[in-house]
Amino acid sequence: MLVAVGVSWDLNWFLQLLLSVIVVAVGLHFFVKSTASRYFEVDANFEGDHHHHHHHHHHALADAMPGVLAADAGDSLCAVCATRASKKCSRCKAVRYCSQACQQSHWKSGHKTVCKDFHDASVRSVAQNGVTNRGFKASAAGGKSSPSIALIPGCGAISRPIKQAKDVLFPYDEFVKFFNWDKPGFTPCGLLNCGNSCFANVVLQCLSFTRPLVAYLLEKSHRRECSYNDWCFLCEFENHVERTRQGSQAFSPMNILSRLPNIGGTLGYGRQEDAHEFMRFSIDTMQSVCLDEFGGEKAVPPNLQETTLIQHIFGGRLQSEVICTKCDKISNQYENMMDLTVEIHGDAASLEECLDQFTAREWLDGENMYKCEGCKDYVKAWKRLTVKCAPNILTIALKRFQV
């Protein structure tokens, strides 16, 4: 009990009152801030802050990708025009813009359809961080394409029952319909260079005009049957194809570029990478998505793994033939192929000449002698690589290092 100027105070009551006032004030502060963030830009600085931090964050900006909120960088690049930006979406906090015009354009082009969903998905992924899986859902789960950017690797638990593998995983006659798809093609649409992204842009352009793959995505829609809860490369690529089809000007493929580590473990955005390597990772990732619908690679027999849609499109078979010069025994080995790596030797002036060099006989002699099963000894032999079963869509990578 305190007595001051003739007035008595209960110390316990006074402390309880003070604590209650603090709790109410803090709660009111968060309530007002969360409510205001739905309608106004929170912590967005348009001009002054940009120049103040320009030199301090110069090196961080060099590695940041457009639209991605870098953890160590104060600024990032606009998701629309790929210029420096400091304004961000007030709802999902995942995309940056350089101006109000870019923000409005991004919002109208589809971001509004997935902004809230992306924010909720981010919250769920944090709450479910104990779940691990190799699959991820696309940032746009709806029917419209979206340029929103997924930053947090999702916890891609399988949400649908696993399909039972039968004689084939994807009917070949259905693939033939997609291969012979006769709908008019769409006008080519450019992709913005988001900083060392040329290697990915050229591959995405090639895949975007691979007819059976595009026909499958547009006609059947992988998104409707996808078994992942979170980000999925095929779902995201379907969004990319839809935007390419509807777009009339170049756009940023940041939805895919921001997920490079999910496509290939050694890939990273902002770095110079190899286009052929990205192509292989992309095709392998799409193949994994197809197999995961049936329980994954370990659950599907090797012969059935060659009956997916991706195998129907890109898959072929190489034959390695070795002829012993002592007993004339012929040994053949076969290997599955998704592309063909062809070297350029000498003055080869055409693709046909490069293929002739690829299939030419190679002399096995000296330290590279062949151990013949017929002679039971190391002997001289001829070796030749040929395409035993050609892919429906042949992908050729030219190794130009010897030019």
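Read on for an overview of the structure. (Residues numbered from 1 in each chain as written. Predicted model: local features only at pLDDT ≥ 70, side-chain atom pairs only at ≥ 80, totals over all residues. Heavy atoms only, no water.)

### Brief notes about the overall build of the protein chain
Phase 1: Helix and strand content of the protein chain: 14 helices and 14 strands.
Phase 2: Burial analysis of the protein chain (403 residues in total) assigns 41% to the buried set.
Phase 3: Once local pairs closer than 6 in sequence are excluded, the contacts in the protein chain between residues at least 24 apart make up 64%.
Phase 4: Surface exposure of the protein chain reaches about 22700 Å², of which carbon and sulfur atoms provide 54%. (Helix = DSSP H or I, 4+ residues; strand = E, 2+ residues; numbered from the N terminus. Buried < 20%, exposed > 50% of the residue type's maximum accessible area, 1.4 Å probe, protein only. Contact = heavy atoms within 4.5 Å. Areas by Shrake-Rupley, 256 points an atom, 1.4 Å probe, with all protein chains shown as cover.)

### Re the pattern of salt bridges
Phase 1: Inspection of every chain in the model, using the stated rule, returns eleven salt bridges.
Phase 2: Between Glu-343 and Lys-399 there is a salt bridge whose closest N-O contact spans 3.5 Å. Of this pair, Glu-343 sits in strand β9 (residues 340-343) while Lys-399 sits in strand β14 (residues 396-399), placing them 56 residues apart in sequence.
Phase 3: Overall, Glu-343 belongs to the partly exposed group, its relative accessible area being 28%.
Phase 4: In this structure Lys-399 comes out as partly exposed when scored by relative accessible area, which is 31%.
Phase 5: If you follow the salt bridges from partner to partner, you end up with Lys-163, Glu-225 and Glu-293 in one network. (Salt bridge = Lys/Arg side-chain N within 4 Å of Asp/Glu carboxyl O.)

### Some details on the pairing of β9
Phase 1: By the alternation rule, side chains of β9 split into Leu-340 and Val-342, which are all buried, and Thr-341 and Glu-343, of which none is buried.
Phase 2: In this structure, β9 lies alongside β14, joined through four bridges in parallel fashion. Its bridge partner lying in β14, Leu-340 is registered against Ile-396. (Pairing = 2+ DSSP bridges.)

### What to know about the sheet that holds strand β8 (residues 330-337)
Phase 1: With antiparallel pairing, four strands are arranged side by side in an open sheet as β8-β7-β13-β10. Both edges of this open sheet fall to β8 and β10 (362-364), since each of them pairs with a single strand only. Strand after strand, the sheet turns through a mean of 30° between neighbouring axes, direction not considered.
Phase 2: Pairing of β10 with strand β13 (residues 381-389), which is carried by three bridges, proceeds in the antiparallel orientation. Bridge pairing in β13 places Trp-363 opposite Trp-382. (Axes fitted to C-alpha atoms, helices over the stretch in contact; angles between N-to-C directions.)

### Description of unusual backbone geometry
Phase 1: One non-glycine residue, Ser-221, lies in positive phi territory at about 65°.
Phase 2: Tracing the backbone shows Ser-221 in the loop between α7 (211-220) and α8 (233-246).
Phase 3: Accessibility expressed as a relative area gives 8% for Ser-221, which makes it buried.
Phase 4: Unlike most non-glycine residues, Asp-328 shows phi in positive territory, near 65°.

### A closer look at the packing of helix α6 (residues 198-208) against helix α11 (residues 275-292)
Phase 1: Where α6 meets α11, the axes come as close as 8 Å, and the angle between the chain directions of the two elements is 50°. One finds that α6 runs oblique with respect to α11. Both α6 and α11 take part in a crossing whose hand is right-handed. Where α6 approaches α11, its residues Phe-199, Ala-200, Val-202, Val-203, Leu-204 and Leu-207 are matched on the opposing element by Ala-275, Phe-278, Met-279, Ser-282 and Met-286. (Parallel < 35°, antiparallel > 145°, perpendicular 65-115°, else oblique. Left-handed = near helix turned anticlockwise from the far one by under 90°.)

### Things to note about α7
Phase 1: In terms of residue burial, α7 counts as a mostly covered element, since seven of its ten residues are buried.
Phase 2: Among all positions in α7, only Pro-212, Leu-213, Val-214, Ala-215, Tyr-216, Leu-217 and Leu-218 are buried.
Phase 3: Buried residues in α7 make contact with α5 (172-179), α6, α8, α11 and α13 (309-314).
Phase 4: Looking one or two residues beyond α7, the residue adopting positive phi is Ser-221, at roughly 65°.

### Thoughts on the pairing of β13
Phase 1: Alignment of strand β7 (residues 316-324) against β13, held across eight bridges, turns out to be antiparallel. Note that in β13 the partner of Cys-324 across the bridge is Ala-381.

### Considerations on the side chain of Thr-285
Phase 1: Tracing the backbone shows Thr-285 in helix α11.
Phase 2: You can call Thr-285 buried: its relative accessible area is 15%.
Phase 3: Within the local environment of Thr-285, its side chain forms a polar contact with the backbone oxygen of Phe-281, the two atoms lying 2.7 Å apart.
Phase 4: Ignoring sequence-local partners within four residues, the contact set of Thr-285 consists of Phe-233 and Ile-263. (Polar contact = N/O pair within 3.5 Å; in protein donor to acceptor, adjacent residues only side chain to side chain.)

### Considering the side chain of Asp-292
Phase 1: Note that Asp-292 resides in helix α11.
Phase 2: A polar contact of 2.2 Å, which involves the side chain of Asp-292, links it to the side chain of Tyr-228.

### Side note on the nonpolar core
The tendency in soluble globular proteins is for nonpolar side chains to be buried side by side.
Phase 1: Within the largest apolar cluster, 46 residues are counted, with the highest numbers of intra-cluster contacts made by Leu-207, Leu-213, Phe-237, Phe-278, Met-286 and Ile-310.
Phase 2: Elements that contribute at least two residues to this core include exactly α5, α6, α7, α8, α9 (254-257), α10 (260-263), α11 and α13.
Phase 3: With residues near it in sequence (within four places) discarded, Ile-310 still touches Leu-213, Ile-283, Met-286, Gln-287, Cys-290, Gly-315 and Met-338.
Phase 4: Ranked by size, the runner-up nonpolar core spans eight residues in total, among them Leu-318, Leu-340, Val-342 and Ile-344. (Core = buried A, V, L, I, M, F, W, Y, C linked by side-chain atoms within 4.5 Å.)

### A look at the state of the cysteines
Cysteine pairs can be covalently joined through their sulfur atoms, and such a bond is termed a disulfide.
Phase 1: Per the counting criterion, the structure on display carries zero disulfides.
Phase 2: Free of any disulfide, Cys-232 has its nearest neighbouring cysteine sulfur in Cys-226, separated by 3.8 Å.
Phase 3: Here Cys-324 is not disulfide-linked; the sulfur of Cys-327 is the nearest cysteine sulfur, at 3.7 Å. (Disulfide = S-S within 2.5 Å.)

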